[in-house]
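# Structural overview
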Amino acid sequence: MSTAAAAPVRTGAVLADLLPAARHRYAVDTALVVGGAALTGIAAQIAVPVPGSPVPVTGQTFAALLVGTALGARRGFLSLAVYALVGMAGMPWFAGGSSGAGGASFGYVLGMLLAATVVGDIARRGGDRSVLRTAGTMVLGSAIIYAVGVPYLALSTGMSASAAIAAGLVPFLLGDALKAALAMGALPAAWKLIGRRG
């Protein structure tokens, strides 16, 4: 007896594409973009200082990667762009209630903008539909955030490259592994649930 894959959802879809939109697609997309920015801002307030580092552990990166995978590249980019621009304009929703550009951790915000776009594109290709694919998507997204955030940290503080890595990367690896594990459970489970309902 053969079993068909329980994924009636078309290839090229992300989770947000499955919301009923009818004639109000623009309104739905706008709500998703603003909601993603707000979720990232709320998650950024979960901040734990790291001794010896100007960058705290936050829920911000996890939220940004979830926003990208769930909304797709275009909406993920717009959502994180809204988050960055509104924070630069003075909204205190960067890590720990900060705002403005130029702080030591602002490079991570820029990295999240790029990462949300990339993981959104990967998710549209099925990168969030299995545990292993989701793991790879989250690892790549995190690597992009650090690829922008750590050099920015070094430039903005005058740290050496090795000091910036020690202060802006190494202390966060365990937390990132835990966040990836959460995503590895949540995203494929959401697709399976949708498949059963389909």
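Residue numbering note: each chain is counted from 1, following its sequence as written. For this predicted model, a pLDDT threshold of at least 70 governs which residues receive local features, and a threshold of 80 or more governs which side-chain atom pairs are given and counted, while totals over whole chains, interfaces and linings are taken from all residues. For side-chain calculations, the full set of non-hydrogen atoms in the structure is used, while hydrogens and water are omitted.

## A short note on the overall build of the protein chain
By definition, any uninterrupted DSSP run of H or I lasting at least four residues is a helix, any uninterrupted run of E lasting at least two residues is a strand, and each is numbered from the N terminus. Scanning the protein chain for helices and strands turns up seven helices and two strands. Listed by position from the N terminus, the elements making up the protein chain come as α-β-β-α-α-α-α-α-α. Dimensions along the principal axes, computed over C-alpha positions, put the protein chain at roughly 60 × 40 × 20 Å. By the burial criterion, 43% of the 198 residues in the protein chain qualify as buried. Summary of the burial criterion: residues with accessible area below 20% of their type's maximum are buried, those above 50% are exposed, and those between are partly exposed, where the area comes from a 1.4 Å probe applied to protein chains only.

## Quick notes on empty space enclosed by the protein
Buriedness for pockets is judged along seven lines, at least five of which must meet protein on both sides within 12 Å for an open set on the 1 Å grid over protein atoms alone, while cavities are sets there where a 1.4 Å probe fits but cannot get out, and lining residues have an atom within 4 Å of a point. Grid points are joined across faces, edges and corners, and a volume is the space filled by probe spheres set on the points. Across all of its chains, the model carries one cavity of 30 Å³ or more by this definition. There is about 40 Å³ of room inside the largest cavity. The wall of the largest cavity is formed by Thr61, Phe62, Leu65, Met138, Ser142, Asp176, Lys179 and Ala180. Residue assignment for the lining of the largest cavity shows that the elements contributing at least two residues are α2 (60–71), α5 (131–157) and α7 (173–197). Looking at the lining of the largest cavity residue by residue, the classes come out as four nonpolar, two polar and two charged. Under the convention adopted here, Pro, Cys and the residues Ala, Val, Leu, Ile, Met, Phe, Trp and Tyr are nonpolar, Asp, Glu, Lys and Arg are charged, and Gly plus all remaining residues are polar.

## Some remarks on the side chain of Lys179
Here Lys179 shows up in helix α7. Setting aside chain neighbours within four positions, we find Lys179 in contact with Thr58, Thr61 and Phe62. Note on definitions: a residue-residue contact is assigned when non-hydrogen atoms from the two residues lie within 4.5 Å.

## Some words on helix α6 (residues 161–168)
Buried within α6 are the following residues: Ala164, Ala167 and Gly168. An end-on view of α6 places all buried positions within 80° of arc, on one side of the element. Buried residues belonging to α6 abut α4 (106–124) and α5. Relevant arc is that of directions from the helix axis to the C-beta atoms, nothing else.

## Brief notes about the nonpolar core
By nonpolar core we mean a set of buried residues, namely Ala, Val, Leu, Ile, Met, Phe, Trp, Tyr and Cys, connected to one another through side-chain atoms within 4.5 Å. One finds Leu80, Tyr83, Tyr108, Val109 and Met112 to be the most contacted residues of the largest nonpolar core, which totals 43 residues. Secondary-structure elements contributing two or more residues to this core are α1 (25–43), α2, α3 (73–88), α4, α5 and α7. Apart from the residues lying within four places of it in its own chain, the contact partners of Met112 are Gln60, Thr61, Ala64, Leu80 and Ile145.

## Description of the layout of surface pockets
Considered as a void within the structure, the largest pocket measures approximately 280 Å³ in volume. Around the largest pocket, the lining is made up of 24 residues, and of these Val55, Pro56, Gln60, Ser105 and Tyr108 lie nearest the centre. When contributions to the lining of the largest pocket are tallied by element, the ones reaching two or more residues are β2 (57–58), α2, α4 and α7. In the lining of the largest pocket, the residues fall into 12 nonpolar, 10 polar and two charged.

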